[in-house]
Amino acid sequence: MPSLLARRATEEDSGCRFEKGRIYTYIGEVLVSVNPYQELPLYGPEAIAKYQGRELYERPPHLYAVVNAAYKAMKRRSRDTCVVISGESGAGKTEASKHIMQYIAAVTNPSQRAEVERVKDVLLKSTCVLEAFGNARTNRNHNSSRFGKYMDINFDFKGDPVGGHIHSYLLEKSRVLKQHVGERNFHAFYQLLRGSDDQALQGLHLERNPAVYNFTRQGAGLNMGVHNALDSDEKNHQAVTEAMRVIGFSPEEVESIHRILAAILHLGNIEFVETEEDGPQKGGLAVAEEALVGYVAELTATPRDLVLRTLLARTVASGGRELIEKGHTVAEASYARDACAKAVYQRLFEWVVDRINGIMEPRGRDPRRDGKDTVIGVLDIYGFEVFPVNSFEQFCINYCNEKLQQLFIQLILKQEQEEYEREGIAWQSVEYFNNATIVELVERPHRGILAVLDEACSTAGPITDRIFLQTLDTHHRHHPHYSSRQLCPTDKTMEFGRDFRIKHYAGDVTYSVEGFIDKNRDSLFQDFKRLLYNSTDPTLRAMWPDGQQDITEVTKRPLTAGTLFKNSMVALVENLASKEPFYVRCIKPNEDKVAGRFDEAHCRHQVSYLGLLENVRVRRAGFASRQPYPRFLLRYKMTCEYTWPNHLLGSDREAVSALLEQHGLQGDVAFGHSKLFVRSPRTLVTLEQSRARLIPVIVLLLQKAWRGTLARWRCRRLRAIYTIMRWFRRHKVRAHLTDLQRRFQAARQPPLYGRDLVWPRPPAVLQPFQDTCHALFSRWRARQLVKNIPPSDMTQIKAKVAAMGALQGLRQDWGCQRAWARDYLSSGTDNPTASHLFAEQLKALREKDGFGTVLFSSHVRKVNRFRKRRDRALLLTDRHLYKLEPGRQYRVMRAVPLDAVTGLSVTSGRDQLVVLHARGYDDLVVCLHRSQPPLDNRVGELVGMLAAHCQGEGRALEVRVSDCIPLSQRGARRLISVEPRPEQPEPDFRCNRSAFTLLWPSH
Ligand SMILES: Nc1ncnc2c1ncn2[C@@H]1O[C@H](COP(=O)(O)OP(=O)(O)OP(=O)(O)O)[C@@H](O)[C@H]1O
Ligand SMILES: [Mg+2]
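Only a predicted model underlies this, so the values are computations on that prediction, with no experimental measurement involved.

Enquirer: Go over helix α10 (residues 251-269) with me, naming the residues and quoting the values.
Expert: Taking 1.5 Å as the rise per residue, α10 with 19 residues should run 27 Å; its terminal C-alpha atoms sit 28 Å apart, in good agreement. With 15 of 19 residues buried, α10 lies mostly within the body of the structure.

Enquirer: Can you lay out the nonpolar core for me, pointing to particular residues and giving the numbers?
Expert: Phe133, Tyr345, Ile356, Phe468 and Phe500 are the most contacted members of the largest nonpolar core, which totals 171 residues. The biggest single contributor to this core is helix α13 (residues 330-360), with 16 residues. Counting 36 residues, the second-largest nonpolar core is a separate cluster that includes Leu807, Val896, Val914 and Leu946.

Enquirer: Can you explain the pattern of salt bridges? Please cite residues and give values.
Expert: Within the structure shown, the criterion is met by 60 salt bridges. A salt bridge links Asp156 to Arg113, with the shortest nitrogen-to-oxygen separation between them at 2.8 Å. Taken together, the residues span a long stretch of sequence, with Asp156 in the loop between β6 (148-155) and β7 (161-169) and Arg113 in the loop between α4 (93-107) and α5 (114-134) at a distance of 43 residues. For Asp922, the salt bridge is made with Arg970, and the minimal N-O distance between the two is 3.7 Å. Taken together, the residues Asp922 in the loop between β25 (913-918) and β26 (924-928) and Arg970 in the loop between β28 (964-969) and β29 (972-981) connect sequence positions 48 residues apart. Residue classification places Arg970 among the exposed residues on the basis of a relative accessible area of 61%. Among the ionic contacts, a cluster of salt bridges with common partners joins Arg54, Glu55, Glu58, Lys72, Arg635 and Glu688.

Enquirer: Lay out the packing of helix α29 (residues 794-807) against helix α31 (residues 939-953) in plain terms, naming residues and giving numbers.
Expert: When two helices pack together, their arrangement is captured by the angle between the axes and the distance separating the axes. It is at 7 Å that the axes of α29 and α31 come closest, and there the two elements cross at 95 degrees. As summarised for this structure, α29 and α31 are arranged roughly perpendicular, according to the angle between their axes. From α29, Thr795, Lys798, Ala799, Ala802, Ala803, Ala806 and Leu807 reach across to α31, where they touch Gly940, Val943, Gly944, Met945, Ala947, Ala948 and Gln951. Across the contact of α29 with α31, the residue classes tally to nine nonpolar, four polar and one charged.

Enquirer: A description of the UniProt feature "domain: TH1" (unreviewed entry) in the protein should follow, citing residues and the corresponding values.
Expert: Per the UniProt entry, the sites bearing "domain: TH1" (unreviewed entry) are residues 809-1002 in this numbering. Here residues 809-1002 is 15% helix and 41% strand, with 22 Å between the C-alpha atoms at its ends.

Enquirer: Give me the lowdown on the environment of Val122, citing residues and values where you can.
Expert: With respect to the helices and strands, Val122 occurs in helix α5. A C-alpha to C-alpha distance of 9.2 Å links Val122 and Gly164, two positions 42 residues apart in sequence.

Enquirer: Account for the coordination of the magnesium ion (ligand 2), naming residues and giving values.
Expert: The coordination sphere of the magnesium ion (ligand 2) contains the protein donors Thr94 (OG1) and Ser145 (OG), at a distance range of 1.9 to 2.1 Å. Residue Thr94 is found in helix α4, and its partner Ser145 is found in strand β5 (residues 144-145); the two are separated by 51 residues along the sequence.

Enquirer: Requested: an account of the UniProt feature "binding site: ATP" (unreviewed entry) in the protein, with residues and values cited.
Expert: In the numbering used here, UniProt assigns the "binding site: ATP" (unreviewed entry) feature to Gly87, Glu88, Ser89, Gly90, Ala91, Gly92, Lys93 and Thr94. Relative to the assigned elements, Lys93 resides in helix α4. Overall, Lys93 belongs to the buried group, its relative accessible area being 6%. In terms of polar contacts, Lys93 uses its side chain to reach the backbone carbonyl oxygen of Glu88, at 3.0 Å. With near-sequence residues (within four places) excluded, Thr94 lies in contact with Glu131, Ser145 and Asp380.

Enquirer: I'd like to hear about the sheet that holds strand β30 (residues 988-991), residue by residue, with values.
Expert: Strands pair in a sheet through their backbones, by hydrogen bonds, and they do so in one of two ways: parallel or antiparallel. Read across the sheet, four strands follow the order β28-β29-β31-β30 without closing on themselves; strand pairing throughout is mixed. Of all strands in the sheet, those bounded by a partner on one side alone are β28 and β30. Averaged over neighbouring strand pairs, the angle between their axes works out to 30 degrees when direction is ignored. As judged from the four bridges shared by β30 and strand β31 (residues 995-1001), these two strands associate in the antiparallel manner. Within β31, the residue paired with Arg990 across the bridge is Thr997.

Enquirer: Can you break down the environment of Glu953 residue by residue, with the values?
Expert: Within the element layout of this structure, Glu953 appears in helix α31. Glu953 sits in the partly exposed class, given a relative accessible area of 45%. Note: C-alpha distance between Glu953 and Asp899 (54 residues apart in sequence) is 9.9 Å.

Enquirer: Which residues make up the site of ligand 1, and what values go with them?
Expert: Every one of the 20 residues lining ligand 1 counts as a neighbour, but Asn35, Ser89, Lys93, Thr94 and Ser144 are closest to it. Take Ser145: an N or O atom from its main chain is 2.8 Å from an oxygen atom of ligand 1. If ligand 1 stood free it would expose 630 Å²; the protein chains cover 91% of that surface. Of all the elements in the fold, those that place two or more residues in the shell around ligand 1 are α4 and β5. With three residues, α4 is the single largest residue contributor to the shell around ligand 1.

Enquirer: Residues and numbers for the confidence of the model for the protein, please.
Expert: Across the protein, pLDDT averages 88, with 96% of residues at or above 70. Looking at the elements of the protein, mean pLDDT is at its lowest for helix α1 (residues 2-19), recorded as 50, and at its highest for α10, recorded as 95. A low-confidence stretch, residues 1-12 stays under pLDDT 50, and its non-local contacts, those more than four residues away or across chains, total four contacts.

Enquirer: Provide a residue-level description of unusual backbone geometry, including the pertinent values.
Expert: Following Trp644, the chain continues into Pro645 via a peptide bond in cis, with omega recorded as -5 degrees. Positionally, Pro645 belongs in the loop between α25 (629-636) and α26 (652-663). Backbone torsion omega between Gln932 and Pro933 reads -10 degrees, so that peptide bond is classified as cis. Its place among the elements puts Pro933 in the loop between β26 and α31. Despite not being glycine, Tyr890 shows a phi value in the positive range, around 60 degrees. Since its relative accessible area comes to 1%, Tyr890 is described here as buried. A positive phi is found at Leu935, a non-glycine position, where the angle reads about 60 degrees. Mapped onto the secondary structure, Leu935 falls in the loop between β26 and α31.

Enquirer: Describe the packing of α25 against helix α27 (residues 681-743), with residues and values.
Expert: In contact at an axis separation of 9 Å, α25 and α27 are set at 45 degrees when each is read in the N-to-C sense. By the criterion of interaxial angle, the relationship of α25 to α27 is oblique. When α25 is examined against α27, the residues Phe632, Arg635 and Tyr636 are found in contact with a partner set consisting of Leu684, Leu687, Glu688 and Arg691. Its residues placed into classes, the contact of α25 with α27 shows four nonpolar, no polar and three charged.

Enquirer: Just give me the short version of the sheet that holds strand β2 (residues 30-34), but keep the residues and values in it.
Expert: Pairing in this open sheet of seven strands is mixed, and the strands run β1-β2-β16-β3-β12-β6-β7 from one edge to the other. Of all the strands in the sheet, the pair left with one neighbour each is β1 (24-27) and β7. When strand polarity is set aside, the average angle formed by the axes of neighbouring strands in this sheet is 20 degrees. Alignment of β1 against β2, held across four bridges, turns out to be antiparallel. Across the sheet, the residue bridging to Thr25 is Val32, located in β2. Its contacts with the sheet place α5 against β6 and β7, and it is angled at close to 20 degrees to β7.

Enquirer: Lay out a nonpolar patch on the surface with the relevant residues and their values.
Expert: Taken together, Leu718, Ile721, Tyr722 and Met725 make up a surface patch of nonpolar side chains, about 380 Å² in accessible area. Relative accessible area serves as the criterion here: at 37%, Met725 is assigned to the partly exposed category.

Enquirer: Tell me about the packing of aromatic side chains, residues and numbers included.
Expert: Counted under the stated rule, the structure contains 32 aromatic pairs. Seen from their ring centres, Phe395 and Tyr511 are 5.5 Å apart, and the 90 degrees between their planes marks the pair as edge-to-face. Here the residue Phe395 occupies a position in helix α15 (residues 392-423), and Tyr511 occupies one in strand β15 (residues 507-512), the gap between them amounting to 116 residues. The buried category is assigned to Phe395, whose relative accessible area is 1%. Pairwise contacts between aromatic rings join Phe392, Phe395, Phe468, Tyr482, Phe500, Tyr511 and Phe516 into one cluster. Positioned above the aromatic ring of Trp544 is the side chain of Arg347, whose terminal nitrogen or guanidinium carbon lies 4.2 Å from the ring centre.

Analysis parameters
Residues numbered from 1 in each chain as written. Chains lettered and ligands numbered in written order. Predicted model: local features only at pLDDT ≥ 70, side-chain atom pairs only at ≥ 80, totals over all residues. Heavy atoms only, no water. Helix = DSSP H or I, 4+ residues; strand = E, 2+ residues; numbered from the N terminus. Expected span 1.5 Å × (residues − 1). Buried < 20%, exposed > 50% of the residue type's maximum accessible area, 1.4 Å probe, protein only. Core = buried A, V, L, I, M, F, W, Y, C linked by side-chain atoms within 4.5 Å. Salt bridge = Lys/Arg side-chain N within 4 Å of Asp/Glu carboxyl O. Axes fitted to C-alpha atoms, helices over the stretch in contact; angles between N-to-C directions. Parallel < 35°, antiparallel > 145°, perpendicular 65-115°, else oblique. Contact = heavy atoms within 4.5 Å. Nonpolar A, V, L, I, M, F, W, Y, C, P; charged D, E, K, R; others polar. UniProt positions renumbered as here; feature names shortened; annotations may be inferred. Donors = N, O, S within 2.8 Å, 3.2 Å for Na, K, Ca; no water. Polar contact = N/O pair within 3.5 Å; in protein donor to acceptor, adjacent residues only side chain to side chain. Pairing = 2+ DSSP bridges. Near = heavy atom within 4 Å. Areas by Shrake-Rupley, 256 points an atom, 1.4 Å probe, with all protein chains shown as cover. pLDDT = per-residue confidence, 0-100. Patch = residues over 30% accessible without salt bridge, like charges linked within 9 Å, V, L, I, M, F, W, Y side chains within 5 Å. Phe/Tyr/Trp six-rings, centres within 6.5 Å; stacked < 30°, edge-to-face > 60°. Lys NZ or Arg CZ within 6 Å of the ring centre and 35° of its normal.

Written out as structure tokens, the structure is:
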């Protein structure tokens, strides 16, 4: 009773969820998806962002969450994973696979690498192309996949797609010839007819109306989708052509594809008629409408005659390598035509798949360099289907679903229960239906249905489908999942000699054996293969490599269609089993493809045959989640004080136990040897919520710590930089000072006192220091020099310094090297005859004028404004400038107070001309002479003494150096210059009105 209630609750629940547009549900990690038959706002970039990088339970159930889990397992643990999508026809498998592709495309390649973008483009666009050629409208699904598709996507170590590979499985090619009522041929035909422009159709000799062609007549009145507008075939034609261009098909290849499709349509309209024996056609057979043969020949780029011959007859090799042509009957010719149409379409489809694979193949990958690629596989295969009449194709399709169910059972139910056992969890086994026995019935060697069918095909002679059925009956008489009218004569739903029935996991299916042998043998006359191999269209030719064989060549019997399919299924299942599987179980809510209707009986049936009930039961009795202890701790340890940040308990298991006790959740879990099993999702949700509450705090903590670390690093670096700078600077200063010290060691050496020492270039910081040093040094050096001068020489030195300053280097020779005696009139050598006279006069003047010192005295020759030249004496005291008369005991002729003297002028030569300027007086023009030695150079001495005196009194003295000196004498303006004369015995003046000249003895 409780379980019944529980079941009702879930059913209601699922109905409710569906009504609210929640089409996804989990059973453990298996996603159950119910086809909504309407566009729901569940997809797109925003939804993708919501699921990206999240855990499965963090968000409401969604396809994206499962893909994300597969992607994460692939990226984090380098595991190959696969997503297996199953469900009956029209349940939404193909749509799901497209959403998966979109999710992967959206979350990968953040760095926009061009090669990865190319691969993604091809991955996304390939679906559209494959659907055009491999999908068709059936009564169950308007866009039903008529082939199986398994697609591997290769990822590099960064998790970006770098290539892919598509495996296609058994195309339902009989659809090319014939469709059930309400169904269509493959979309490609209608797209070509409705979507091509008039010119293109004309080129293909086609009419726009699909009802004109035998192969498309049945579906002519039907359009492609339920929701789509009438023009969808047209739009899709554009979309497919564009997709082919993007993928990398050349325009020639696309044209070839169109020509091949057109050729198939024309081929379908070819009818055969019997003619008279002696008519133009051999063998009494002709084509009703010859123009069609021409079209086929043109479109396949083959010779017309050869096409006709191949349609009407076949070549057989008789015993002795001899070839004979054997004409067909009408039935044989029609059969051959159909076989050809089917085969051409199949080869076309396979060529398209191969072409896409060639483009998607991972390029330039070297496992040693790039590491091994990891793979996500996506399986979207035709769903279990039951039609009013089921033939070989349905048999194969349903066998395939049987194999996949087997894999599901093994991986989900069996493995799960085995895991409980392995982990030592107390467990009561749940019974489930294991379909291994049905798989056995089909594929067992020797006795299995496929083996019996192969046997029938290989036996020579007219083995009929009926005999094949009889053999089956004998072999499987007692098999619980096999029956036929022969074995159950009362069951009128089967026909004698035609039908057999298999109790599939998903329900009973009655198959009609008609055509089984033929479809399994899948033969085509070699003539057709050769014809098409010899086409001049390279694309078509590439589809028929086996047409190369010589007719007489004896070849091994090719594998039958059934065996090929079985082998491919075994390989597929092996491949899937080697990967980590993720399941998407699609459910079709009603048979009428309408939105919003949840047909309970219909869904209940699917739920039961998909094994979802057992799945739920195992999960219910079992646990919603299991995680290894370390992983559990890693995710939730922040929610408990004992485990955060790291626990100190004996083992992870004890830590997990402490954590759960703190939350009060210990009753809802079981402890395995290595994993924690959590019974209800509620527990996980509780844990997730408290984790989510703490995450922001932890993030802040981490940010804080990290920011602190960053700042500390920066600070340490800065300090180091400053230390280095400090030491470097110190080193530079020290090196500089050492250098200075070394250089200036010799500075104390007289007499130069380091005059010629070169100052090294200082570092920038020391520049002011060095400038100061320089000044100090100069001062020190001056002191050293001055210190050695006796006090008696000081007057002379001061005068020399003053003269140097006053003359500013403008006079070449100013007697610096000489000792300056100054008072030459008192000197016995200079003035031997009259020095005592001068001394008396000097004494009298001292008394009268009260001067202190004599600055300068000398005999001179003067010229006045009246151009009179006379010998006189010049006396310069610290009070006056005197002009004396040497001939009359040095009587004073003129005394000019020294304050009135404003300046003096001299020449740049060696002559002894001096012009003294005084305020209120005429300029006094003199030439020093009668010196001992003669012509002694004393002008500098006079300048120096006067300048030093004025400096001492703080008064300005203007000293002019010029070779042409202007004179001012009572308003008269004149110039005086010097003329050197070798023959001149004594200096003298020559005068005219405007100019005076000193004639200077220049020898
Ligand atoms: N998630 C979805 N949202 C909206 N419509 C959907 C969704 N899934 C499926 N459908 C609708 O259901 C139709 C059939 O889905 P789909 O072609 O995927 O079925 P299938 O399982 O691949 O069937 P088959 O085995 O015949 O190939 C789609 O054409 C679409 O109209
Ligand atoms: Mg499909």
